[in-house]
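For reference, the chains in residue letters:
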Amino acid sequence: MGTLVNDFATGVPHPRLRPYVSTYTGYRIEGAEPGVHMGLPSKSLTFIVAFDEPLDVTTTIEHEQRDRYWAMLAGLHASPALVRHDGSQHGVQLDVTPRGAGALFGVPAAELGSTAVHLQTVVPRFAAELIERLSEAGGWAERWTTLDAVLLRELNVEAEIPSELEHAWALLVAGRGLAQVGDVADRVGWSRRHLTQRFAAQYGLTPKVLSRVLRFEHAKGLLQAPTRPSLASVAATCGYADQAHLSREWKALAGAAPTQWMRDDTLVMLAIPGR
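Residues numbered from 1 in each chain as written. Predicted model: local features only at pLDDT ≥ 70, side-chain atom pairs only at ≥ 80, totals over all residues. Heavy atoms only, no water.

## A word on the overall build of the protein
Next, step 1: Counting secondary structure elements, the protein contains 11 helices and 10 strands.
Next, step 2: In summary, the protein has a C-alpha radius of gyration of 19 Å against a globular reference of 19 Å for 275 residues, a match within 12%.
Next, step 3: Seen along its three principal axes, the alpha-carbon backbone of the protein occupies a region of about 50 × 45 × 35 Å.
Next, step 4: By residue count, 50% of the 275 residues in the protein fall in the buried class.
Next, step 5: Restricting the contact set of the protein to residue pairs at least 6 apart, pairs at least 24 apart contribute 71%.
Next, step 6: For the protein, the accessible surface area stands at approximately 12,300 Å², while carbon and sulfur atoms represent 50% of it.
Next, step 7: Here the protein contributes 26 positive and 29 negative side-chain charges, whose respective centroids are spaced 7 Å apart. (Helix = DSSP H or I, 4+ residues; strand = E, 2+ residues; numbered from the N terminus. Rg over C-alpha atoms; globule rule 2.2 N^0.38 Å. Buried < 20%, exposed > 50% of the residue type's maximum accessible area, 1.4 Å probe, protein only. Contact = heavy atoms within 4.5 Å. Areas by Shrake-Rupley, 256 points an atom, 1.4 Å probe, with all protein chains shown as cover. Lys, Arg positive; Asp, Glu negative; His and termini not counted. Charge placed at Lys NZ, Arg CZ, Asp CG, Glu CD.)

## A word on the environment of Leu 55
Next, step 1: Considering the arrangement of structural elements, one finds Leu 55 in strand 5 (residues 55-58).
Next, step 2: Along the backbone, Leu 55 and Gln 89 are 34 residues apart, and their C-alpha atoms lie at a distance of 8.1 Å.

## Points about unusual backbone geometry
Next, step 1: We note that Asp 52 has phi near 70 degrees; this positive angle belongs to a residue other than glycine.
Next, step 2: Locating Asp 52 in the fold gives a position in the loop between strand 4 (45-50) and strand 5.
Next, step 3: In this structure, Arg 176 is a non-glycine residue whose phi angle is positive, near 50 degrees.
Next, step 4: With respect to the helices and strands, the residue Arg 176 is situated in the loop between helix 5 (163-174) and helix 6 (181-188).
Next, step 5: Judged by relative accessible area, which is 47%, Arg 176 ranks as partly exposed.

## Remarks on the nonpolar core
Next, step 1: Ranked by internal contacts, the top residues of the largest apolar core, which has 69 residues, are Phe 47, Phe 105, Leu 195 and Phe 199.
Next, step 2: Among the elements that line this core, the one with the most residues is helix 8 (residues 207-223), at six residues.
Next, step 3: When neighbours within four sequence positions are excluded, Leu 195 is seen to be in contact with Leu 165, Ala 168, Val 181, Val 184, Ala 185, Trp 190 and Pro 207. (Core = buried A, V, L, I, M, F, W, Y, C linked by side-chain atoms within 4.5 Å.)

## Remarks on the pattern of salt bridges
Next, step 1: Under the definition given, this model contains 12 salt bridges.
Next, step 2: For Asp 56, the salt bridge is made with Arg 66, and the minimal N-O distance between the two is 2.6 Å. Of the two residues, Asp 56 is situated in strand 5 and Arg 66 in strand 6 (residues 66-69); the sequence distance between them amounts to 10 residues.
Next, step 3: You can call Arg 66 partly exposed: its relative accessible area is 46%.
Next, step 4: A salt bridge links Arg 68 to Asp 56, with the nearest nitrogen and oxygen atoms 3.9 Å apart. Of the two residues, Arg 68 is situated in strand 6 and Asp 56 in strand 5; the sequence distance between them amounts to 12 residues.
Next, step 5: Given the relative accessible area of 43%, Arg 68 is considered partly exposed.
Next, step 6: Overall, Asp 56 belongs to the buried group, its relative accessible area being 9%.
Next, step 7: Here the salt bridges do not stand alone but share partners, grouping Arg 125, Glu 129, Arg 133, Arg 153 and Glu 154 into one network. (Salt bridge = Lys/Arg side-chain N within 4 Å of Asp/Glu carboxyl O.)

## Remarks on the packing of aromatic side chains
Next, step 1: With the rule as written, the count across this model stands at eight aromatic pairs.
Next, step 2: The interplanar angle of 70 degrees and the centroid separation of 5.3 Å between the aromatic rings of Phe 47 and Phe 105 together place this pair among those described as edge-to-face. Of this pair, Phe 47 sits in strand 4 while Phe 105 sits in helix 1 (residues 98-105), and the two are 58 residues apart along the sequence. Residues Phe 47 and Phe 105 agree in their burial class; the two are buried.
Next, step 3: It is Arg 143 that lies over the ring of Trp 140; its NZ or CZ is 5.0 Å from the centre. (Phe/Tyr/Trp six-rings, centres within 6.5 Å; stacked < 30°, edge-to-face > 60°. Lys NZ or Arg CZ within 6 Å of the ring centre and 35° of its normal.)

## Examining the sheet that holds strand 6
Next, step 1: Read across the open sheet, the four strands follow the order 3-8-5-6; overall the sheet is antiparallel. With partners counted over all chains shown, the strands left at the sheet margins are strand 3 (35-39) and strand 6, one partner each. Recorded for the sheet is a direction-independent mean angle of 30 degrees between the axes of neighbouring strands. (Pairing = 2+ DSSP bridges. Axes fitted to C-alpha atoms, helices over the stretch in contact; angles between N-to-C directions.)

And the structure:
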């Protein structure tokens, strides 16, 4: 194995794009050990453009839905994805909000739920242009400028989500998975059943499943902190019944118990969506 290269950069989208894309991330990894890493659930959809070699991704482990992507749009999901690599990865990743699925790509988040699609099948009018311009750009800053220009041009602000669903989403995210679905339904003015049906039809996950993802995301952030707390403390903070409950949820959502994941995931790798 040669010299390890770990090059990461982050960019902030244009202010008009921030309700639809939260972060631009650039990555270049060379000389790592070939392997398979888990793409982890999060509250964001993921848009990736790969350079040099396409991404090799299995989005549903049980059914082995495997494909190779130069540009990929992946929806919300509650199970890990597999990202296979030969020790090198190079590309850009965008964390897309559910509003961004409609406003930038013309599809509701639910249409992408628990799967991934080639960008060309969703937005053929600008997919090839974006892939070419990002691949040929001279650096991360030029790529952020290119993303701003193309996405601002394609932005459709009329692709709105019903206000009740926006409110329910915001309440669940603010509660980091601890908000009770019944309480959220009451605040929105719907029955719990109606909220669950409409929420799943819009986002691709039910409120209950999104809450599991949000608790997991909160726990992952705590475990990645420099002053890492104990697993028992993380379980209590994030609303798990006990440490055993935390471990069971991590096996379901991340493919491994927390201790194994922290040991194996030594590099900051791509997540589908999140990392």
